Amino acid sequence: MTGSRLAPTDIAVVARAQRLHGQIGLPGDKSISHRALMLALLASGRSWIRGASGGADVQSTVGILRALGATVIEEPDDEGRVTYRVLSPGPGGLRQPDALLDCGNSGTSLRLFAGILAGLPMTAVLDGDASLRARPVARIIEPLRSMGAALQGSRQDSLPPVTVTGRNPLSAVDWSTPVPSAQVKSAILLAGLRAEGTTRVREAIATRDHTERMLRARGVPVRSGITDDGGATVEIEGGVTVQTMDERVPADPSAAAFWLVAAAIHPSAQVRLSSVCVNPTRRGGIDLLRAMGADIGETETTAGGVTNEGEPAADLVARSSSLHGIDISPADTARAIDEIPVLCLAATQAEGRTTIRSVGELRAKESDRVAGILGGLSALGANVAVDGDDIQIDGPTPLQGADVDAHDDHRLAMTFAIAGLVASGQTSIHGAASAAISDPRFFDELERIRS
Ligand code: S3P
């Protein structure tokens with residue numbers, strides 16, 4: 001985000017809605033869109049990525065593909081989904097960039113490209129906006145260094161920018177990730193593609209598995225195992241060629257979560273969402289909302305809607321619901337990490353106490369989301385407390401429109417906008433333009449379905 005938070009165009013004013021009704025247009029899944037572009041860069045030839053995200057984060061990844069020597073042609077459709085056609089020379093033909101690689105606001109771009117660059121014979125610098133410059137990178141620098149690449153971050157290697165000097169081949173590694181992070185796992189797997197032998201990543205809590213599924217779909221053997229205690233081990237063979245693909249990206253379940261909560265907490269609502277990714281490692285938000293009593297119908301989408309990545313997709317219908325509080329375990333928090341802000345909003349309208357455990361990682365997202373949730377929902381009249389790394393919310397509390405600060409964080413901006421649909425009076429969200437990071441059409445959809 002470049003605009004000032006207080007610039008008039010960056011404030012969205014949302015009034016209470018009488019009714020929420022209709023079909024919501026969603027962006028293509030952000031995690032899958034990033035990975036599809038990156039794997040297209042590593043495959044020599046033409047790849048097609050249909051129905052992908054056109055959000056600012058994925059645009060950052062597109063910019064980096066071009067800086068490294070790929071051609072990317074973009075065709076947006078009427079619903080804001082984008083088809084990307086990528087022509088890449090493959091890893092052997094990529095060029096050393098002549099400027100900083102700008103990841104903007106996107107942690108996924110920065111961390112996954114660090115893994116890709118670790119195995120390429122060039123030096124490149126990954127940088128981003130003020131938010132990204134405050135996010136931790138030691139978690140990728142350490143494993144990639146142990147594979148033989150040279151990486152340097154600022155502030156004793158703790159923060160971006162990160163300079164990467166790659167090496168080919170890298171050494172395979174057996175790495176246990178201290179924090180559950182699909183970005184860290186994916187960075188190591190992408191470096192593992194260029195390593196000699198078998199690279200293994202062990203996770204105490206299994207994270208989203210798109211990188212594994214998408215590598216397999218492109219001919220790279222990846223073995224995954226689940227441990228008895230809910231952890232996972234992933235192994236990749238180095239030196240295997242990534243093949244090009246023509247694929248379709250399902251809709252983003254993290255973007256869907258805002259509308260599922262909107263319908264569940266609004267007294268007169270029914271919304272429909274098509275072909276949403278319901279990968280078991282991504283459907284945490286849907287499952288937790290159902291556990292709170294949300295009325296969410298789910299119909300598996302048949303062949304056409306299932307991506308050739310092997311990602312299951314479903315059509316969802318959500319309606320006004322009576323919610324009750326639940327206790328969300330550390331593993332469930334990790335599984336729904338991007339949906340926690342809007343689940344906190346749902347909890348303000350649920351009967352009884354909701355406890356969300358081990359939310360520490362939320363402090364290292366696009367903003368300190370624990371502070372942002374506490375500040376924003378409290379300003380709206382909710383009963384929210386933070387106890388160490390746990391959030392406690394007692395409900396239901398009627399929300400009153402207020403001025404709230406999204407801290408230029410897209411998921412906070414959209415959470416507070418949904419709150420505005422049920423709050424009395426008007427809710428003014430500062431930093432609302434950040435919604436375009438993941439869902440540029442969010443506020444258009446919000447206006448369209450209210451009546
Ligand atoms: C993502 C992983 C998660 C998530 C982020 C996208 C990914 O981050 O919060 O929005 O695409 O791999 P962490 O890996 O930091 O948990």
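Structural data are supplied above this passage.
Residues numbered from 1 in each chain as written. Predicted model: local features only at pLDDT ≥ 70, side-chain atom pairs only at ≥ 80, totals over all residues. Heavy atoms only, no water.

K.L.:
I tried to follow the site of the ligand on my own but got confused; where do I start?
P.N.:
In the neighbourhood of the ligand, the contacting residues comprise Ser31, Arg35, Thr108, Arg111, Pro180, Ser181, Ala182, Gln183, Arg208, Ile337, Asp338 and Lys365. Between Ser31 and the ligand, the recorded distance is 2.7 Å, taken from a side-chain N or O atom to an oxygen atom. Gln183 places a main-chain nitrogen or oxygen 2.9 Å from an oxygen atom of the ligand. Protein coverage of the free-state accessible area of the ligand, which is 380 Å², stands at 95%. When residues of the shell around the ligand are traced back to their parent elements, those giving at least two are helix H1 (30–42), helix H3 (107–117) and helix H6 (182–192). For the shell around the ligand, the class distribution of residues is 3 nonpolar, 4 polar and 5 charged. (Near = heavy atom within 4 Å. Polar contact = N/O pair within 3.5 Å; in protein donor to acceptor, adjacent residues only side chain to side chain. Areas by Shrake-Rupley, 256 points an atom, 1.4 Å probe, with all protein chains shown as cover. Helix = DSSP H or I, 4+ residues; strand = E, 2+ residues; numbered from the N terminus. Nonpolar A, V, L, I, M, F, W, Y, C, P; charged D, E, K, R; others polar.)

K.L.:
Looking at this structure, how should I read the packing of helix H13 (residues 410–422) against helix H14 (residues 442–449)?
P.N.:
For any two helices packed against each other, one specifies the crossing angle of their axes together with the interaxial distance. Viewed as axis vectors pointing N to C, H13 and H14 meet at an angle of 10 degrees, and their least axial separation amounts to 11 Å. On the basis of the axis angle, H13 is roughly parallel to H14. With respect to the hand of their crossing, H13 and H14 are arranged in right-handed fashion. In this structure, H13 uses Met414, Ala417, Ile418 and Leu421 to contact H14, whose residues at the interface are Phe442, Phe443 and Leu446. (Axes fitted to C-alpha atoms, helices over the stretch in contact; angles between N-to-C directions. Parallel < 35°, antiparallel > 145°, perpendicular 65-115°, else oblique. Left-handed = near helix turned anticlockwise from the far one by under 90°. Contact = heavy atoms within 4.5 Å.)

K.L.:
Can you help me understand the sheet that holds strand E14 (residues 222–226) in this one?
P.N.:
What the 4 strands build is an open sheet, ordered E11-E13-E15-E14; its pairing is mixed. Strands with a single pairing partner mark the edges of an open sheet, and in this sheet they are strand E11 (174–177) and E14. Neighbour-to-neighbour, the strand axes of this sheet turn through a mean angle of 15 degrees, independent of strand direction. Examined bridge by bridge, E14 and strand E15 (residues 232–237) share 5 bridges and lie antiparallel to one another. Paired with Arg223 across the bridge in E15 is Glu235. Across the sheet, helix H7 (residues 210–217) lies against E14 and E15, angled at about 145 degrees from E14, the strand it touches most. (Pairing = 2+ DSSP bridges.)

K.L.:
Before we go on, may I ask you to explain the sheet that holds strand E3 (residues 45–52) in this structure?
P.N.:
Backbone hydrogen bonds are what pair the strands of a sheet, in a parallel or an antiparallel way. Spatially, the 4 strands line up as an open sheet ordered E4-E5-E3-E16, and their pairing is mixed. Sheet topology places strand E4 (71–76) and strand E16 (246–248) at the edges, where each strand pairs with a single neighbour. Here the strands of the sheet are splayed against their neighbours by 15 degrees on average, with no regard to which way each runs. Pairing geometry for E3 and strand E5 (residues 82–88), over 6 bridges, is antiparallel.

K.L.:
Teacher, can you tell me more about the environment of Ile188 here?
P.N.:
Structurally, Ile188 is set in helix H6. Ile188 gets classed as buried once you look at its relative accessible area, which sits at 1%. Sequence separation of Ile188 and Gly284 is 96 residues, and the distance between their C-alpha atoms is 24 Å. Not counting residues within four places of it along the chain, the set of residues in contact with Ile188 comprises Pro143, Leu144, Met147, Val173, Trp175, Thr199 and Val201. (Buried < 20%, exposed > 50% of the residue type's maximum accessible area, 1.4 Å probe, protein only.)

K.L.:
I would appreciate a short explanation of the nonpolar core in the present structure.
P.N.:
Generally speaking, a soluble globular protein has its nonpolar side chains buried in company with each other. Trp259 and Ile418 are the most contacted members of the largest nonpolar core, which has 76 residues in total. Counting residues per element, this core draws most heavily on helix H8 (residues 253–265), which supplies 11 residues. Not counting residues within four places of it along the chain, the set of residues in contact with Trp259 comprises Ile24, Leu26, Val271, Leu273, Ile418, Phe442, Glu445, Leu446 and Ile449. Grouped together as the second largest cluster of nonpolar side chains are 66 residues, Leu39, Leu101, Leu126 and Cys277 included. (Core = buried A, V, L, I, M, F, W, Y, C linked by side-chain atoms within 4.5 Å.)

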